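Geometric and topological summary
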Amino acid sequence: MNRLTVLLVDDHDGFLNAAMRHFRNVGWLEVVGRAMNGLEAISQTEQLKPSVVLMDLAMPEMGGLQATRLIKAQTAPPYIVIASHFDDAEHREHAARAGADAFISKLNYVQEVMPILARLAGERGHV
């Protein structure tokens, strides 16, 4: 597997910490940064150039959809996965229209995100 760099974006420390604990045990994945809202996500993406951004949908200051639109407008944007508790067709459609590459439910976060990350690491290496 090729190494994948990831930026975690969520406004809940508990969620970020749980994701970090899981990802720490994955040898081919490196969490290069954390952001608490969309504004921080845009800044961190520009600075860190992660392969993948795991983005919460609903956050203060700027949500995941607006941040996704702006990040996807950057040169060589990362693969963006939107994660939300609001897992329905409408939210999935909004995420796709914003430019998200994938949408997962926070209720099954690890089970849904790991196959996506493994596929990216296996197929493309550094996305």
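Our structure's up above, just so we're on the same page.
Residues numbered from 1 in each chain as written. Predicted model: local features only at pLDDT ≥ 70, side-chain atom pairs only at ≥ 80, totals over all residues. Heavy atoms only, no water.

Notes on empty space enclosed by the protein
Selection criterion: The distinction between a cavity and a pocket rests on a 1 Å grid over the protein atoms alone: a 1.4 Å probe fits inside a cavity but cannot get out, while a pocket stays open yet meets protein on both sides within 12 Å along at least five of seven lines, and a residue with an atom within 4 Å of a point counts as lining. Grid points are joined across faces, edges and corners, and a volume is the space filled by probe spheres set on the points. Labels follow the DSSP assignment, with helices taken as runs of H or I lasting at least four residues and strands as runs of E lasting at least two, numbered in each case from the N terminus. Under this grouping Gly is polar, as are all residues other than the nonpolar Ala, Val, Leu, Ile, Met, Phe, Trp, Tyr, Cys and Pro and the charged Asp, Glu, Lys and Arg.
Summed over all chains, the structure comprises one cavity of 30 Å³ or more. By volume, the largest cavity is sized at about 40 Å³. What lines the largest cavity is Leu 8, Val 9, Asp 10, Phe 15, Leu 16, Leu 54, Met 55, Asp 56, Ala 83, Lys 106 and Tyr 109. Those elements that provide at least two residues to the lining of the largest cavity are strand E1 (4–9), helix H1 (13–23) and strand E3 (52–56). With three residues, E3 is the largest single contributor of residues to the lining of the largest cavity. For the lining of the largest cavity, the per-class residue count stands at eight nonpolar, no polar and three charged.

A word on the pattern of salt bridges
The condition is simple: Salt bridge, as applied in this entry: a Lys or Arg side-chain nitrogen positioned within 4 Å of an Asp or Glu carboxyl oxygen. The rule is simple: take the accessible area with a 1.4 Å probe, protein chains only, and divide by the maximum for that residue type; under 20% is buried, over 50% is exposed, in between is partly exposed.
Per the stated rule, a full pass over the model turns up seven salt bridges. Measuring nitrogen to oxygen at the nearest pair gives 2.5 Å for the salt bridge that ties Asp 10 to Lys 106. Here Asp 10, found in the loop between E1 and H1, pairs with Lys 106, found in the loop between strand E5 (102–105) and helix H5 (109–123); they are 96 residues apart in sequence, far enough to count as distant. Of the two residues, Asp 10 and Lys 106, both sit in the buried class. Salt bridges here are not isolated pairs; linked through shared partners, they connect Asp 10, Asp 56 and Lys 106.

A few points about the sheet that holds E5
Put simply, the rule reads: By definition, two strands form a pair when at least two bridges between them are found by DSSP. Axis definition: a line fitted to C-alpha atoms, limited for helices to the stretch in contact. Angles are taken between N-to-C directions and run from 0 to 180 degrees. In what follows, a contact means two residues having at least one pair of non-hydrogen atoms within 4.5 Å.
Taken in spatial order, the five strands line up as E2-E1-E3-E4-E5 in an open sheet, and their pairing is parallel. Each edge of the open sheet carries a strand with a single partner, namely strand E2 (29–35) and E5. Recorded for the sheet is a direction-independent mean angle of 25° between the axes of neighbouring strands. Contacts between H1 and the sheet are confined to E1, E2 and E3, with E2 contributing the most and set at about 170° to the helix.

What to know about the packing of H1 against H5
A pair of packed helices is captured by two measures, namely the crossing angle of their axes and the spacing between those axes. Applied cut-off: Roughly parallel here means an angle under 35 degrees, roughly antiparallel means over 145, roughly perpendicular means 65 to 115, and every remaining angle is called oblique. Crossings are classed by handedness, with left-handed meaning an anticlockwise turn of the near helix from the far one by less than a right angle and right-handed meaning a clockwise turn.
Here H1 crosses H5 at 50°, and the two axes come no closer than 12 Å. The angle between H1 and H5 falls in the class oblique. The chirality of how H1 crosses H5 is right-handed. Where H1 abuts H5, its residues Phe 15, Ala 19, His 22 and Phe 23 lie against Tyr 109, Val 110, Val 113, Met 114 and Leu 117.

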